[in-house]
Amino acid sequence: MPPTSAQSAGSARFLEGGGETGALIRAHDWASTAIGPLETWPQSLRTAAGLLLESPVPMVMLWGQDGIMIYNDAYSRFAGARHPRLLGSKVREGWPEVADFNDHVMKVGLAGGTLSYRDQELMLVRNGVPEQVWMNLDYSPVRDESGDPGGVIAIVVETTDRVRSDRRIAAEQGRQRQLFGQMPGFICVLSGPRHVYEYVNDAYHKISGRRTGLIGRTVREVLPELEGQGYFELLDQVYTSGKRVVTRAMELRLQGSDQVQYIDFVYEPIRDESGEVSGIFVAGFEVTEAHRANAALRKSQARLLELNADLERQVIQRTQARGLTWQVSPDLLGALNSEGYFETSNPAWRTVLGWSEDEVASMSIFEMLHPEDVERTRAGFELTQKGQPAIRFPNRYRCKDGSYRWISWVGVPEDGMVYCSGRDITEEKAAEADLASAQEALRQSQKMEAIGQLTGGIAHDFNNLLHGISGSLELLEKRIAQGRLGGVERYIAAAQGSARRAAALTQRLLAFSRRQTLDPKSTDINRLIGGMEDLIRRTVGPGNTVEVVGAGGIWITKIDQSQLESALLNLCINARDAMPKGGRITIETANKWLDERAAREREVPPGQYVSLCVTDTGTGMTPDVIAHAFDPFFTTKPLGQGTGLGLSMIHGFVRQSGGQVRIYSEVGKGTTMCLYLPRFVGGKDDADLPGLSSVADLGHGETVVVIDDDVTVRMLIVEVLEEAGYVVIQAADGPTGLKILQSDARIDLLVTDVGLPGGMNGRQLADTARTARPDLKVLFVTGFAENAAVGNGLLEPGMQVITKPFVMAALGNKVREMIDG
């Protein structure tokens, strides 16, 4: 019921005064109309009302059969906009949306019973709109003068924020479990010094051979067969020392497996709030196939060595028995005429291929060849007709039974004939095929191993970053809904910061995989280093001396300048970290001619290169560290001080740019990291050297076509450009965009996503549009490594790339720059 004038007047005193008398007066002011004069209240009601009015905990009295509501200040805040109308009202009328629930409460309470609910979910209308809430509720009867229950007192503690937080955490844990469950590598989380399973993914179930019953049990209970194999000892070591341990190709024999398994492990200590080790995160990948492939590779190499030794013995025997006749030679011998027929052939033809001398003479060599070898052999045969001998020329000859054997030929032209000797090398070819298969299996296993390492490494980082973004946006949404706009900038900044870090991690991963979108420009690396020298000196600190030795007349290289800057800074930071007591860092450039031998050693084509080397006087690297230096997430730095992506990023970026990275190191003396970058014959692009960007001028009515299938991205780009003063025409796919571009409309710039639906990607769209608009300027927007689609970094004039995610101001600057260019 609405408050009376007496209740309204009393509301001012509701928040004033103190003590039992004051509490009773306030309670009477609010409820006298419904319950009666104060002096008629039973002592039990007076006592209960006094206690609840003074309590800091939200409490409400539901008096009589109708549950007349008397409550305290804390409950008034819980009631929201329904206060003060609730005071003195019947509970069914005060909270009609939960009338059935309160009817049950009154029925039990007035019968002398108690009720208790934890995280009870209800739908309440407190501020004009329905809202889902959760509460802890405790109900007890209040007895009247006769000793019978005269009302019910309720303690109301809202738990909505905690429940929602718990559910968010549970959902995040669910997403994390789903992510972990989809990983190709296995994962488990162990707690306590006894290593009790808290979580395992499907891959762990599979590799352990146990499908159920792991959670809550110790590793020793679940995997007793590992006793004495070193696994339990490693877990104890990690838990006791608190240090991360990585093992490669650990040999284990698990229950249910009749063969030894080889497994790569990462053991990461988990620490509690106090910094103490509370468990271990175990991740790994089975590399049994890689181990077997290595064994097969070694076996094939041994087989090849054995075959080579056998061939050498045969040569020695033939040399010692030069008197042996045509009849007993194991090699195919014969005289080949200019028409491609063997006029003579020895008995070895029948032994090796099954053909008699007459049958050999009746067929052209091209009739006996494998179809795939005909054209190549014909070209070789024509060279012999011009007097050029054939040496170790392999091809496949058909046997009489229809099979084929590999023959390696030596042919010497003389007097219009080619005198030939052919050796059966079928076994050697089979060995080579086995070797190639083993090498391919090894590469595939190593690839899967790298994927396992990558997925294990990025899951934690991306979960944190996504939580930073989603959490900030959720809080921002809540603040805006409540109209509390003060201080929301910190949530925006937190979300943007997480987004930038996620973008940086993505770029590092793409660089490692050599699939990032590069923007190569002709560059004078001496000038680039000069622009970074102050930054490098500040970064490495005063305890280290930095010396720059730039070669005179340095050649130009075509490189992504921002990536090279990042690589150089990363190398200098690594050099600094390798010299904990300080030392000297030397940055040196040079022009390099790499001949066949030097190029082969560096695994690059011969030619001219620009070298950029960073040398330190630090601890140096062991051969094992050098071998793994470019592996993803491999680091020798303490836990938390390195991601293990730096060198792999540099290696991927340089290799993608046509160059190479080499490490020269000696333990205790220092390390030199050298980047070899291909020389670019052309002038340096001074305008494109890195520098501070300025805010571009606004548009002046120029027309920009924006094509992107992502509705949100397209909306943001269109809004930014329209606010900047451009006329924007938009489309969601390639065919629709092409119709716009083929119209007579004025178009000053095309901004297009690279990956588009409709059977036409962004590069194909731009190329097609340029047939009618040859001067069309194109800005490609790419969210991942679509190098092949945009031309692998070799864009035509008037084409540029911007990589998502980007700052919207950067987009405006790029558009202005391209239109004015």
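These numbers come from a predicted model, not from an experiment.

Q: Just to check I follow, could you spell out the overall build of the chain for this structure?
A: Helix and strand counts for the chain stand at 27 helices and 27 strands. Residues classed as buried in the chain amount to 45% of the 821 residues present. A fraction of 57% describes how many contacts in the chain between residues 6 or more apart in sequence connect residues 24 or more apart. Surface accessibility of the chain: about 41600 Å² in total, with carbon and sulfur atoms responsible for 53%.

Q: Help me understand the packing of aromatic side chains in this model?
A: Aromatic ring pairs are described here by two measures, namely the spacing of the ring centres and the angle between the planes. Within this structure, the stated rule accounts for 19 aromatic pairs. Residues tyrosine 71 and tyrosine 75 carry aromatic rings whose centres are separated by 4.9 Å and whose planes lie at 45° to one another, so their mutual orientation is tilted. Here tyrosine 71 falls in the buried class, since its relative accessible area comes to 0%. Among the aromatic residues, those joined into a cluster by ring pairs are Phe186, Tyr197, Tyr204, Tyr231, Phe232, Phe265 and Tyr267. The ring centre of phenylalanine 366 lies 4.3 Å from the NZ or CZ of arginine 378, which sits over that ring.

Q: Is there a simple way to explain the nonpolar core in this structure?
A: Where a protein is soluble and globular, its nonpolar side chains tend to be buried together. Grouped together as the largest cluster of nonpolar side chains are 37 residues, with contacts concentrated most on Leu564, Leu568, Ile587 and Ile650. Mapped by element, the contributors of at least two residues to this core are α18 (525-540), α19 (561-577), β19 (583-594), β20 (607-616), α22 (646-656), β21 (660-666) and β22 (670-678). Excluding residues within four positions of it along the chain, isoleucine 587 makes contact with Ile529, Ile536, Val546, Glu547, Val548, Val549, Leu568, Cys572, Leu612, Cys613 and Val614. If you look at the next biggest cluster of nonpolar residues, it comprises 29 residues, including Phe186, Leu226, Phe232 and Val245.

Q: It is not clear to me how the pattern of salt bridges should be interpreted in this structure. Could you clarify?
A: Charged atoms that come close allow side chains of opposite charge to pair. Considering all chains together, one arrives at 27 salt bridges under this definition. Here glutamate 268 and arginine 244 are joined by a salt bridge, their closest N and O atoms 2.7 Å apart. With glutamate 268 in strand β9 (residues 261-271) and arginine 244 in the loop between α10 (231-241) and β8 (245-252), the pair connects residues that are 24 residues apart, well separated along the chain. On the basis of relative accessible area, glutamate 268 is assigned to the buried category, the value being 17%.

Each value, and the rule that gives it
- Residues numbered from 1 in each chain as written.
- Predicted model: local features only at pLDDT ≥ 70, side-chain atom pairs only at ≥ 80, totals over all residues.
- Heavy atoms only, no water.
- Helix = DSSP H or I, 4+ residues; strand = E, 2+ residues; numbered from the N terminus.
- Buried < 20%, exposed > 50% of the residue type's maximum accessible area, 1.4 Å probe, protein only.
- Contact = heavy atoms within 4.5 Å.
- Areas by Shrake-Rupley, 256 points an atom, 1.4 Å probe, with all protein chains shown as cover.
- Phe/Tyr/Trp six-rings, centres within 6.5 Å; stacked < 30°, edge-to-face > 60°.
- Lys NZ or Arg CZ within 6 Å of the ring centre and 35° of its normal.
- Core = buried A, V, L, I, M, F, W, Y, C linked by side-chain atoms within 4.5 Å.
- Salt bridge = Lys/Arg side-chain N within 4 Å of Asp/Glu carboxyl O.

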